Amino acid sequence: MADVKTKIDVGLAGKTKTIEVVLPPGDPAPYAVGERPVTGKRRPRLDGPIKVTGRALYTHDVRKPGMLHARVVRSPYAHAKILSIDTSAAEKIPGVVIENPKKSAVRYHGEAVLALAAPTAAGAEDAARAVKVAYDVLPHTVSLAAARKEGSPLVFQKAVEEKRTAGDEPGAAAALPQTGNVRGPKTSEKGDTGAVEKAFAEADGTLEVVTTTSVQTHVCMETHSLFAEWVGDTLEVQASTQGTFSVRDELSEVFKLAKDKVRVRAEFTGGGFGSKFGAGDYGVFAAKLAKKAGKPVLMALDRKEESLSAGNRPDSWNRVKLAYRKDGTVTAADYESFGTAGVATGTGTGGFVKAAYGFPSVTVAESDVFTHLGPGCAMRAPGHPQGCFAVETALEELAARLGMDPLALRLKNDPSEVRRAEWEIGAKEFGWSRRAQITKANEAAAAAGSPLRRGIGCAASLWYTFVAPGSQVLVRIHRDGTVEVENGVQDIGGGVRNAIAMVVAEELGLSVESLRVKIGDSRYPFGPASGGSVTTGSLIPAVRAAAVHAREKLLDVASKVLGAPASGIVLANGAFSAGGKSVEFRKVCSRLPGETLVATGDRAKDYDGADTRLFGAQFAEVVVDVETGVVAVKKVVAVHDCGQPVWKTGVESQIRGGILQGISYALFEERVVDERSGRVLNPNVEFYKVLGSKDTPEIVPLLVDFYPGKNNAHARGIGEPATVPTAAAVANAIAHATGVRPTALPITPARILDLLGKVARREVKA
Amino acid sequence: MSDEKDRPEGARGFTRRGLIKGLATSAVASAAAGAAVLAEERAKADASAAGGIPVSLTLNGAPKKGVFEARTTLAEALRDSWGLLGTKVGCDRGACGACTVLLDGVAVNSCLTLVHDADGRKVTTIEGLGSPEALSPIQKAFVEADALQCGFCTPGMVVSCAGLLAKDPHPTPHAVKEAVAGNLCRCGTYTGVFAACEATGKTGVNHG
Amino acid sequence: MKSFERLQPKSWDDAAALLATAKRDKVHAEAKGAGTELVDRLKEYNLAPDRVVDLRRLTSHSSIQRNSSGAVSIGALVTLSTIAEGLKSEFPALADACLGAATPQIRNAATLAGNLCQRPRCWYFRSSDFQCLKKGGVECLAKAGENEFHAVFGNNTCAIVHPSAAGVALLALDARIETLAAGGGRTLLAADFFQRPELDIFSENALKPGELIVEVHVDTRPGLRSAYRKIKQKQAFDWPLADAAVAFRDDGGAAKDVRVVIGSAAPVPFRAKGAEALVEGKRIDAALAAQAGRAALEGATPLEKNAYKLPMVAAVVRRTLLAAAGLSDGTEAFA
């Protein structure tokens, strides 16, 4: 097919400009500016009724006759040689099957040693406790600071290759220098070489800020789990996953099976947040145990296992240096980060400083530091909440130094038309202009002896539009009028099945509820893994293409039934109409030339030339109790770019969720490790603090009406951008309230009291 | 002291029943007496089915029996023996609320409740509140407010709200926040939950 | 959780007898009320008894009784929710302590006796990965480890903080704890019930093996005022960083028989006698409450990571005194 050139309107609604793009072959032209009948609206979640009644079944809920329950025996030590493994007592328990890879060493508390399965969960637990492992305990290093020191116990003797998962940010994975436990730096820059140095030399002033963040764990409500059953030579799997296809690919590789011999289903997944892309060692164990036992096996990690072994957001140490002019313009940034992902890599936080604002030149150096702790992995906007906190803290400090309004300073450095619109919308909704008044009211409160101070702060969001190439959607229409839409994608809570149904309903003039959306199965056409906010942007254009192709085929049939040219037929409200005549959708389907009509749509590549960045702006209001250091977040206003939202309800829910995770990250979440033993002290939800109902503020999610013009549906994701700036906005609000600047997350009462000078230094032996 | 009956359901509050003065001076038990009690208890246990102790309770309005090991939790019995998989296990330590059920109408963690402690009592699970075809008012309100995302915490969250609304049909926002303070949602659906409870309260329907 | 034998006595005496038999036979037996605490520990293998003696189904000691002389008796099996609702007017300190504990689901099940007897929430103690002093190890791991949530008073031997919020209130209310055991029961003052680790590292209270709490008695007094307040990092389900209960008799505007009890700060809830002495006989006002808050810090020995708790203790004492006196502490806008 020849290239089709077409003119499209892109940009903010009301300010769009017309550009010419080359449409990919077979791809429909993008939505024109304006209202659409179905998409872009709010509506109840299609799977809501089965979820609120407990009828939605997750991997945890698989129960099959003869099924075994698996358990993993894990290391109680941070670093040890395994001297011997005695499974004889466990083997005596009836029905126990053991998969022992005979490991010789363990590198973190909670690392898997072996797995076993038994007919009941209690039996598997008894068997796991009956396994005797003898260890020779070795020295460990478990903190970022200690692991960086020369002479600290080495986590790896040899150079480590970066293993990437679908949730990671793309980047250079080339061999990096490795010294001791430090791998890196990985360096990158924006602007001309030497420009940063020059800008610093010519600056009116320079500023340096160091921030730190703690390890955050995902705490998916459904712990990582995988059910495996061998049916003949086929491995049938149900997984609690963000990627049916990534689990399939991993298992087909491990078991040397053709891809059609592994089937992965994920009807419902109880959260993922970046931690559920692969099969996991637990998943591989489940499949091996199932093979050995000749029985289906369910492996569901317990909360402690998930916390110790199934991933986390690495901690970070970040240094931002800014060169600036007196008017608040940042002319260059020099950025350095260290982070530890335990035995894994991928701790960089420098993405934000390079692309969030219009800093003309930036240098970045990022290093991973290995420790004897469970592997970090992708977590909702990897690296970005950390990088945002660092840069936004520096900007806040700069505004204070220059006596500028913090928002004015940001506008000075923000060339993005979209984000400038977001700042404006948000500031108005939030009432940013109250800032000076609030400062005055705090002075009055202090004078009156009240311990409460109010504060407001803001921060920018940055993410990117990644696309999973190869996504394909199939629409199958039966003669009885049944419409099936198939794609293997999973729903981890974002509600993609709603978006799929709405797009198809709109193109086919049908009700959303009437469509049979089939997802979560690797037997269906390829769909994206749900990470990096790729799902909607990758899939929805393919859904629309498939629906448009199906409509074209139906119009041909309808044309014969109605005796009118296809181009003159309107398909709406379940009927085809032309020239005053109307015929029901089902009636046309009954006249299909074959038993079924099949149409497909492929995710074409993005049109050239469009900005791949996703912008957002958030505002937070807090009250700080300066007598106790306790913080209450009162309100968050979030303005985001989600292109043209498909299912608005889901978009808003994801924004709310991203904000709550961000507040939780700002104030509460911190994995705590006992340095002496190298063990994690809070691998649970009692001592690992996650925000709850009484910590939830009022949230106002808003969207800019934006036509990015990159694909046929102006579709983009929202999962990550919503969580990127929240912690920084909260920190800046706390700074406004208290007059002291938090530079470490989480901002605990202890840290606030310390910053306020209320903790007697002589008593702190640190 | 030996004529005590099993505790009847709802034996809470301010009844005068059961007040026994001077307990410390009542018939003094001894280790020897304990041996006899132990023998009696064991004889009873032996009479029951092998490998467990019988349990009989009212589950979602219908009588239910089972035989379980002493260590079996209510959550395990519901999920592994009675096929009621709507009750989820999120932390297994009473800290996340995914396993919340109503025991005699009151929200409890089924992961910390031994199934034998539910003997003779009324258990209501998420399945007992409504069905996809016939949603209860609070379930309907959850869907309308999109008070759910991944849905894993949702059954426990709904049960907690149902327990609240049964007692307090028009809860204040503070009461709602308090009622779900033991329910963890990682997707961040709390504002939807608040809206759902508020909406249900406004309809004036006196149950979850 | 390890398999165990469940015993279902028909009476409290039978329960005590079963525990006595187990002790005689050197069999590990545990008494169970609601089980919210016990099952948690069983699952962590923090405890692995052979026998569990179930008290929950017993009918006596499961309600709140008021007698004509103004004493209120709270049965061992009364739930925290019932206390929170039922004793609001008589003993706001106790009601609020119970209302703020744990989660609604736990409060609906957990009993008063279980709350008083629950073991510390120290993360070294709770985790099966650690062998701390309380579990027969050689040292308190928190003292040289992660002690941000640990004791700032009386932490020389073991740095746990006592986890019972109800206990803080009961100590302020001069409650008496009645027990039962094979061979006889007794009545202990709340102050004698809680026990410092120096006396017995393996128990946080004075109960002997096999001894059961059956009732808790609290006297009402004319003019009795009480309050409980706490400070938490997270408002939905979190353990307090500091809490306090205050009780006194309002004698024409002057506070008499003042009790200021501090929780979450030491291995036992304890009376801040310096603060009490300051307030005794005086009319409570903002300045006096603040002064008492500072006085409450006398004798503190913070560890490496928990000195931040001291300003919190001062704050919570100040606020609780004001609350008991019906005065504003300036934090109303926070809620």
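Since the model is a prediction, treat every value here as computed from it, not as a measurement.

Rules used throughout
Residues numbered from 1 in each chain as written. Chains lettered and ligands numbered in written order. Predicted model: local features only at pLDDT ≥ 70, side-chain atom pairs only at ≥ 80, totals over all residues. Helix = DSSP H or I, 4+ residues; strand = E, 2+ residues; numbered from the N terminus. Rg over C-alpha atoms; globule rule 2.2 N^0.38 Å. Buried ≥ 20, exposed ≤ 12 C-beta atoms within 10 Å, placed from the backbone. Contact = placed C-beta atoms within 7 Å. pLDDT = per-residue confidence, 0-100. Pairing = 2+ DSSP bridges. Axes fitted to C-alpha atoms, helices over the stretch in contact; angles between N-to-C directions. Parallel < 35°, antiparallel > 145°, perpendicular 65-115°, else oblique. Left-handed = near helix turned anticlockwise from the far one by under 90°. Nonpolar A, V, L, I, M, F, W, Y, C, P; charged D, E, K, R; others polar. Expected span 1.5 Å × (residues − 1).

A.B. asks: Give a description of the overall build of chain C that names residues and reports values.
C.D. replies: Within chain C, the secondary structure is distributed over 12 helices and 12 strands. For 335 residues, the compact-globule estimate of 2.2 N^0.38 gives 20 Å, and chain C sits close to it at 20 Å. On the principal axes, the C-alpha backbone points of chain C span a range of 60 × 50 × 35 Å. Classification of the 335 residues of chain C by burial places 67% in the buried group.

A.B. asks: Go over the overall build of chain A, please, and point to the residues and values.
C.D. replies: Looking only at helices and strands, one finds 19 helices and 32 strands in chain A. In summary, chain A has a C-alpha radius of gyration of 28 Å against a globular reference of 27 Å for 766 residues, a match within 12%. The C-alpha extent of chain A, read off along each of the three principal axes, is 90 × 75 × 55 Å. Of all intrachain contacts in chain A linking residues separated by at least 6 positions in sequence, the fraction that spans at least 24 positions is 79%.

A.B. asks: Tell me about the confidence of the model for chain C, and please be specific about residues and values.
C.D. replies: Per-chain confidence: chain C averages 96 in pLDDT, with 99% of residues scoring 70 or above. Scored as a complex, the prediction yields pTM 0.96 and ipTM 0.97.

A.B. asks: Which residues make up the confidence of the model for chain A, and what values do they have?
C.D. replies: Residue and element names in this part refer to chain A. Per-residue confidence for chain A gives a mean pLDDT of 95; residues scoring 70 or more make up 97%. Note that pLDDT drops below 50 for residues 165-172; the model gives that stretch 22 contacts with residues more than four away or on any other chain. Throughout residues 762-766 the model reports pLDDT below 50, and contacts reaching past four residues in sequence, or to other chains, amount to 7 contacts.

A.B. asks: Lay out the sheet that holds strand β12 (residues 270-271) of chain C in plain terms, naming residues and giving numbers.
C.D. replies: Residues and elements named next belong to chain C. The antiparallel open sheet is built from 4 strands, whose spatial order is β9-β10-β11-β12. Edge strands, defined here as strands with exactly one partner in the open sheet, are β9 (224-231) and β12. Contacts from helix α8 (residues 165-172) reach β9, β10 (242-251), β11 (254-263) and β12 within the one sheet, and its direction differs from that of β10 by about 25°.

A.B. asks: An account of the packing of helix α3 (residues 137-144) of chain B against helix α4 (residues 154-167) of chain B is needed here, citing residue identities and associated values.
C.D. replies: Residue and element names in this part refer to chain B. Between α3 and α4, the shortest axis-to-axis distance is 10 Å and the interhelical angle comes to 130°. When the interaxial angle is binned, α3 and α4 end up oblique. Crossing angle aside, the handedness with which α3 passes α4 is right-handed. Residues Ile138, Gln139 and Phe142 of α3 touch α4, and the partners they reach there are Val158, Cys161, Ala162 and Leu165. Its residues assigned to classes, the contact of α3 with α4 shows 6 nonpolar, 1 polar and no charged.

A.B. asks: Help me get a handle on helix α17 (residues 648-667) of chain A, residues and values and all.
C.D. replies: An α-helical segment advances 3.6 residues per turn. Residues three or four places apart therefore align on the same side. Relative to the 28 Å expected for 20 residues at 1.5 Å per residue, α17(A) spans 29 Å between its end C-alpha atoms, a close match to the ideal helical length. Here α17(A) lies mainly inside the structure; 19 of its 20 residues are buried.

A.B. asks: Which residues make up the environment of A:Cys388, and what values do they have?
C.D. replies: Residue and element names in this part refer to chain A. As for its placement among the helices and strands, Cys388 is situated in helix α10 (residues 384-402). Taking the number of C-beta atoms within 10 Å as the measure of exposure, Cys388 has 30 and is therefore buried. Considering only alpha carbons, one finds Cys388 and Ala728, 340 residues apart in sequence, at a separation of 6.5 Å. The residues contacting Cys388, other than those within four sequence positions of it, are Phe352, Ala459, Val724, Pro725 and Ala728.

A.B. asks: Give me the lowdown on the packing of α17(A) against helix α18 (residues 726-738) of chain A, citing residues and values where you can.
C.D. replies: Residues and elements named next belong to chain A. In the contact formed by α17 and α18, the axes pass within 7 Å of each other and the chain directions differ by 55°. Here α17 lies oblique to α18, going by the angle between them. By crossing handedness, the relation of α17 to α18 is classed as right-handed. Residues Ile659, Gly662, Ile663, Tyr665, Ala666 and Leu667 of α17 form the contact with α18, whose own contacting residues are Thr726, Ala727, Val730 and Ala731. Across the contact of α17 with α18, the residue classes tally to 8 nonpolar, 2 polar and no charged.

A.B. asks: Let's hear about the sheet that holds strand β6 (residues 105-106) of chain A: which residues, and what values?
C.D. replies: All names here are of chain A. Ordered in space as β6-β4-β8, the 3 strands form an open sheet in which the pairing is antiparallel. Strands with a single pairing partner mark the edges of an open sheet, and in this sheet they are β6 and β8 (132-137). Here strand β4 (residues 80-86) runs beside β8; their pairing, made up of 6 bridges, is antiparallel. Residue pairing for β8: Lys81 is matched across the bridge by Asp136.

A.B. asks: Describe the interface of chain A and chain C, listing the residues and the values that go with them.
C.D. replies: Bring the parts together and some accessible area is lost; that lost area is often taken as the interface size. Facing the 37 residues of chain A at the interface are 27 residues of chain C. For the side of chain A that touches chain C, the elements supplying multiple residues, two or more each, are β27 (613-625), β28 (630-640) and α19 (749-755) of chain A. When residues of the side of chain A that touches chain C are assigned to their parent elements, the largest contribution, 4 residues, is made by α19(A). Residue composition of the side of chain A that touches chain C, by class: 18 nonpolar, 7 polar and 12 charged.

A.B. asks: With reference to specific residues and values, describe the pairing of strand β2 (residues 62-68) of chain B.
C.D. replies: All names here are of chain B. Inspection of the sheet shows strand β1 (residues 53-59) paired to β2 by 7 bridges, in the antiparallel sense. The partner of Val55 across the bridge, within β2, is Gly66. The hairpin formed by β1 and β2 contains 2 residues between the paired strands, and Asn60 there has a positive phi angle of roughly 50°.

A.B. asks: Account for the pairing of β9(C), with residues named and values stated.
C.D. replies: All names here are of chain C. β9 sits mainly inside the fold: 7 of its 8 residues count as buried. Relative to β10, β9 runs antiparallel, the two being bridged by 8 bridges. Its bridge partner lying in β10, Arg225 is registered against Phe248.

A.B. asks: Lay out helix α14 (residues 496-508) of chain A in plain terms, naming residues and giving numbers.
C.D. replies: Helix length check: α14(A), at 13 residues, gives a terminal C-alpha distance of 18 Å against a target of 18 Å (1.5 Å per residue), a fit within 8%. Just downstream of α14(A), A:Gly509 is the residue with a positive phi angle, here 65°.

A.B. asks: Describe unusual backbone geometry, and please don't skip the residues or the numbers.
C.D. replies: The residue after A:Gly184, namely A:Pro185, is reached through a cis peptide bond having omega 5°. For A:Pro185, the position within the fold is in strand β10 (residues 182-190). A cis amide bond, omega -5°, links A:Leu745 with the succeeding residue A:Pro746. Despite not being glycine, A:His714 shows a phi value in the positive range, around 50°. Secondary-structure assignment places A:His714 in the loop between β32 (706-707) and α18. Judged by C-beta crowding, with 25 C-beta atoms within 10 Å, A:His714 ranks as buried. Positive phi is not limited to glycine here, since C:Ala102 has a value of about 45°. Tracing the backbone shows C:Ala102 in the loop between α4 (92-99) and α5 (104-109). By C-beta crowding, C:Ala102 is classed as buried, having 27 other C-beta atoms within 10 Å.

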